[in-house]
Amino acid sequence: MATVFGKILVALDGSEHSQRALESAIQIGEKFNSKITLIHVYSTAVPPVVMSEPSTLAPGGVPLPASAEVAKMVDAFRLAGNKMLSDAKGQARSADISVVTLLKEGNAVQGIVKTAKEGEYDLIVIGAKGTHRIKEFLMGNVSEGVLKNASCPVLVVK
């Protein structure tokens, strides 16, 4: 017989709330002998920025960063995501929890919801607020989007 929360997906973004979500997931995982997957979804959407010498212009004459600069930014996002996941994995492993990590590129809500559905997770654990307040204001709160669209229970941790 499968446990109630046999598979837990924990969404991380480096915020204080996501750290508390990880701690809660570890406690649940210890109690139910769960397998935990840590996921971080980073966005590669680069907003137009003003640069001294733009290589291209977007419609309306808004300067865009050069492709080499975009590649550096994506690499930085990927490295930061891998470090965050590695640190969190070490924390979960110290609690003797079975844990794997996933680093994905794209929209956070869509990436988390799709992963949870395809992986048949029993629970998603996510922080109430993320690291990017301006992004949340413009694009919506990730935890709210996951809560509305997930096919399994969602625990939102403050």
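Residues numbered from 1 in each chain as written. Predicted model: local features only at pLDDT ≥ 70, side-chain atom pairs only at ≥ 80, totals over all residues. Heavy atoms only, no water.

Enquirer: How should I be thinking about the side chain of Ser-18 in this particular structure?
Expert: When you line up the elements, Ser-18 lands in helix α1 (residues 16-32). In this structure Ser-18 touches Ala-11, Leu-12, Asp-13 and Gly-127, once residues within four positions along its chain are discounted. (Helix = DSSP H or I, 4+ residues; strand = E, 2+ residues; numbered from the N terminus. Contact = heavy atoms within 4.5 Å.)

Enquirer: I would appreciate a short explanation of the pattern of salt bridges in the present structure.
Expert: Here the idea is simple: oppositely charged side chains can pair when their charged atoms come close. Taken as a whole and judged by the stated rule, the model has six salt bridges. Note that Arg-20 is salt-bridged to Glu-16, the shortest N-O span being 2.7 Å. One end of the pair is Arg-20 and the other is Glu-16, both in helix α1 and four residues apart, which spans about a single turn. Judged by relative accessible area, which is 27%, Arg-20 ranks as partly exposed. (Salt bridge = Lys/Arg side-chain N within 4 Å of Asp/Glu carboxyl O. Buried < 20%, exposed > 50% of the residue type's maximum accessible area, 1.4 Å probe, protein only.)

Enquirer: Quick question: what am I supposed to make of the environment of Ile-126 here?
Expert: Inspection of the secondary structure assignment puts Ile-126 in strand β6 (residues 123-127). For Ile-126, a relative accessible area of 5% translates into the label buried. Other than its neighbours up to four places away in sequence, Ile-126 contacts Ala-11, Ala-21, Ile-112, Val-142, Ser-143, Val-146, Val-154, Leu-155, Val-156 and Val-157.

Enquirer: Explain helix α2 (residues 67-94) here, please?
Expert: Structural remark: α-helix, 3.6 residues per turn; residues separated by three or four positions point the same way. An ideal rise of 1.5 Å per residue puts 40 Å on 28 residues; α2 measures up with 41 Å between its terminal C-alpha atoms. Val-74, Gly-81, Met-84, Leu-85, Ala-88 and Ala-92 are the residues of α2 that are buried. Contact partners of the buried residues in α2: α1, β2 (35-42) and β5 (98-105). Downstream of α2 by one or two residues, Asp-96 has phi in the positive range, about 60°. (Expected span 1.5 Å × (residues − 1).)

Enquirer: Help me understand the side chain of Thr-37 in this model?
Expert: Along the polypeptide, Thr-37 turns up in strand β2. Using a relative accessible area of 6% as the deciding quantity, one classes Thr-37 as buried. A polar contact is formed between the side chain of Thr-37 and the side chain of Tyr-121, at a distance of 2.8 Å. (Polar contact = N/O pair within 3.5 Å; in protein donor to acceptor, adjacent residues only side chain to side chain.)

Enquirer: What am I meant to see in the nonpolar core here?
Expert: As a rule of thumb, nonpolar side chains are buried together in soluble globular proteins. Ranked by internal contacts, the top residues of the largest apolar core, which has 20 residues, are Ile-8, Val-10, Leu-12, Ile-36, Leu-38 and Val-125. When contributions to this core are tallied by element, the ones reaching two or more residues are β1 (7-11), α1, β2, α2 and β6. Among the elements that take part in this core, α1 stands out by supplying five residues, more than any other. Dropping the residues within four chain positions of it, Ile-8 is found in contact with Ala-25, Ile-28, Gly-29, Ser-34, Lys-35, Ile-36, Thr-37, Tyr-121, Leu-123 and Val-125. Counting 15 residues, the second-largest nonpolar core is a separate cluster that includes Ala-11, Ala-108, Ile-124 and Cys-152. (Core = buried A, V, L, I, M, F, W, Y, C linked by side-chain atoms within 4.5 Å.)

Enquirer: I keep staring at the packing of aromatic side chains and nothing clicks. Help me out?
Expert: The description of an aromatic ring pair rests on the distance of the ring centres and on the angle between the ring planes. This model, assessed by the stated rule, comprises one aromatic pair. Each ring, one from Phe-5 and one from Phe-32, has its centre 5.4 Å from the other, and the planes form 90°; the classification is edge-to-face. Of this pair, Phe-5 sits in the segment before β1 while Phe-32 sits in helix α1, and the two are 27 residues apart along the sequence. Look at Phe-32 and you get partly exposed, because its relative accessible area is 26%. Positioned above the aromatic ring of Tyr-121, the side-chain terminus of Lys-7 is 4.7 Å from the ring centre. (Phe/Tyr/Trp six-rings, centres within 6.5 Å; stacked < 30°, edge-to-face > 60°. Lys NZ or Arg CZ within 6 Å of the ring centre and 35° of its normal.)

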